[in-house]
Amino acid sequence: MKTRGVPDFLLLFLTALIVGFGITMVLSSSSIFALTSFTSNGCSYCGGDELYFVKRQILFLVVGVIGMLIAMNIPISFYKRNFLPIAIISLFSLILVLIPGIGQKINGARSWFKLGSFSLQSAEFAKLGLILYLAAIIAKKGDGIRNLKTGLMPLLMVIGVFFFLVLVQPDLGTSGILLGSALIVLVCGGARLGHLIFLGVPVVSVTLLVYISTKEHASNRFASYLDPWSDPLYTGYNIIQSLIAIAHGGISGTGFGKSIQKYLYLPERHTDFIFSIITEEIGFIGTSIFLLVYLLFLLRGIHICLRVKDTFACLAGIGVISMIGIQAIMNIGGVTGFIPLTGVPLPFISYGGSSLLVCLISTGFLLSVSREVSRQKVDEQLQKQPYSM
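Let me begin by describing the structure that accompanies this report. Quick caveat, the model's predicted, so the values are computed rather than measured.

## Comments concerning the pairing of strand 1 (residues 103-106)
By the bridge criterion, 4 bridges tie strand 1 to strand 2 (residues 109-115) in an arrangement that is antiparallel. In the strand pairing of strand 2, G103 is matched with F113. The antiparallel hairpin formed by strand 1 and strand 2 contains 2 residues in its connecting segment, where N107 sits at a positive phi of about 55°.

Below you can see the structure in the form of structure tokens.
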């Protein structure tokens, strides 16, 4: 009988810490907006309930934890066998969401499926589907991935289809996360870096130039990144208000719930710019501790992936960690002015059901990998024991 390993409790504990902190910050950052906003493009459905967003986030959390526990208890062999149906469903959802009447347009992007009073973003789930597909195919190909024509090109074409379908929604931030995590899986899987640079850099560069030049919101974000003060009331408004929040926090912060910028100065305070509210309320010291916990989570995930012997599990786990890490870097880098704003949520922290669900389910997969590591350890110990009469 095959032994069952135990999940990595340190990763589970770090996840609980981050998610718990996220719920707390959603409460702090969203309460004023939920209480005071009644416009058609704001929160007319809140009904003056300051707990509106945090109650919905807790509901997402409950569903996400259930999904994490299920994913954690599914053996790696199941994911390895069923990677293709998961990838096909993910791809089909990206196509379906682009159809008017089926996909819902929010903030200028047709990225959402409407389910009653809730919305789910198909691209969030597609990221995980693509990672599982790439990990499975690379594990089957082995060293064949180093062959450009038969090994790498087919995978690049699949990545290109996923990337294009997310980009035309349009959602540059999520497409960037998808592309970045996919490329990391390819590199870790043994693809030649020279092939990726030769093929990828020109294509991505031209795509970005065309996208920025044809999409007004993208060109505005790029302009605000270069010089937000050139138009402080329009293109540069969001990043300026974000930097004010960060500066106001100082070393020790204003204290929990005492942010000034959340009083409708800073837009999207509980989603895209929640990190700005965090730095304002808990300051440099508190934010450093928060980021350290975040880093420990990522490092623990990498540690688990490097210990597992199964190639598929290792590559898929690295893809999951890359997905979460790249998204965190893009969010924090955007709101602090280091990179252009992309409008992606901060994983585990920002308000949003799709992001939280995918992050928790992905963590469940990592915990399943950790159970495989634990099982390997038990089997090795049993093999070393002498046979008893």
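## A word on the packing of aromatic side chains
Summed over all chains, the structure comprises 12 aromatic pairs. Consider the rings of F60 and Y351, whose centres lie 6.4 Å apart with planes at 55°: the pair is tilted. Of the two residues, F60 sits in helix 2 (residues 52-73) while Y351 sits in the loop between helix 12 (311-335) and helix 13 (353-384), which places them 291 residues apart along the sequence. Judged by relative accessible area, Y351 falls into the buried class, the value being 14%. Among the aromatic residues, those joined into a ring-pair cluster are F33, Y52, F53, F60 and Y351.

## Some points on the pattern of salt bridges
Taken as a whole, this structure holds 5 salt bridges when the rule is applied. With a closest N to O distance of 2.6 Å, D8 and R300 form a salt bridge. Here D8 is found in the segment before helix 1 (9-36), whereas its partner R300 is found in helix 11 (residues 274-307), with 292 residues between them in sequence. Among the residues examined, D8 registers a relative accessible area of 10% and is labelled buried. For E124, the salt bridge goes to K127, with nearest N and O atoms at 3.0 Å. Of this pair, E124 and K127 are both found in helix 5 (residues 122-141), 3 residues apart, which corresponds to roughly one turn of the helix.

## A word on unusual backbone geometry
Across the junction of Q169 and P170, the peptide omega takes the value -5°, indicating a cis bond. Relative to the assigned elements, P170 resides in the loop between helix 6 (148-167) and helix 7 (172-188). Backbone geometry places L264, a non-glycine residue, at a positive phi of 65°. With respect to the helices and strands, L264 occurs in the loop between helix 10 (237-249) and helix 11. When its relative accessible area of 43% is taken as the criterion, L264 is described as partly exposed. Positive phi is not limited to glycine here, since E268 has a value of about 50°. Relative accessible area serves as the criterion here: at 32%, E268 is assigned to the partly exposed category.

## Description of the nonpolar core
Membership of the largest hydrophobic core comes to 99 residues, with the highest contact counts inside it found for L186, F297, F312, L346, F348 and F365. The element that contributes the greatest number of residues to this core is helix 12, accounting for 15 residues. Discounting residues that sit within four places of it in the chain, F365 has contacts with A71, I76, Y79, L132, F312, A313, A316, G317 and V320.

## Here we look at the packing of helix 1 against helix 2
Helix 2 packs onto helix 1 with a crossing angle of 160° between their chain directions and a minimal axis gap of 8 Å. If you check the angle between helix 1 and helix 2, you find them roughly antiparallel. The two elements helix 1 and helix 2 cross, and the hand of that crossing is right-handed. Side by side, helix 1 and helix 2 meet where L12, T15, V19, I23, V26, L27, S30, F33 and A34 of the first sit next to Y52, F53, V54, Q57, I58, L61 and M68 of the second. Of the residues in the contact of helix 1 with helix 2, the class split is 13 nonpolar, 3 polar and no charged.

## Let's talk about the environment of M25
Tracing the sequence through the fold places M25 in helix 1. Separated by 143 residues in the primary sequence, M25 and V168 place their C-alpha atoms 32 Å from one another. Among all residues touching M25, those that are not within four sequence positions of it are F256, I274, I277, I278 and E281.

## A short note on the side chain of Q376
Tracing the backbone through its elements, the reader meets Q376 in helix 13. Other than its neighbours up to four places away in sequence, Q376 contacts R307, V308, K309 and D310.

## Notes on the pairing of strand 3 (residues 118-121)
Looking down a regular strand, the side chains alternate between one sheet face and the other. The alternating pattern of strand 3 places S119 and Q121 on a buried face, while none of F118 and L120, on the opposite face, is buried. Here 4 bridges tie strand 2 to strand 3, and the two strands are oriented antiparallel to one another. Of the residues in strand 3, the one forming a bridge with W112 is Q121. In this structure, the hairpin formed by strand 2 and strand 3 is closed by a connection of 2 residues, where G116 is found at a positive phi of approximately 65°.

What counts and what doesn't
Residues numbered from 1 in each chain as written. Predicted model: local features only at pLDDT ≥ 70, side-chain atom pairs only at ≥ 80, totals over all residues. Heavy atoms only, no water. Pairing = 2+ DSSP bridges. Helix = DSSP H or I, 4+ residues; strand = E, 2+ residues; numbered from the N terminus. Phe/Tyr/Trp six-rings, centres within 6.5 Å; stacked < 30°, edge-to-face > 60°. Buried < 20%, exposed > 50% of the residue type's maximum accessible area, 1.4 Å probe, protein only. Salt bridge = Lys/Arg side-chain N within 4 Å of Asp/Glu carboxyl O. Core = buried A, V, L, I, M, F, W, Y, C linked by side-chain atoms within 4.5 Å. Contact = heavy atoms within 4.5 Å. Axes fitted to C-alpha atoms, helices over the stretch in contact; angles between N-to-C directions. Parallel < 35°, antiparallel > 145°, perpendicular 65-115°, else oblique. Left-handed = near helix turned anticlockwise from the far one by under 90°. Nonpolar A, V, L, I, M, F, W, Y, C, P; charged D, E, K, R; others polar.

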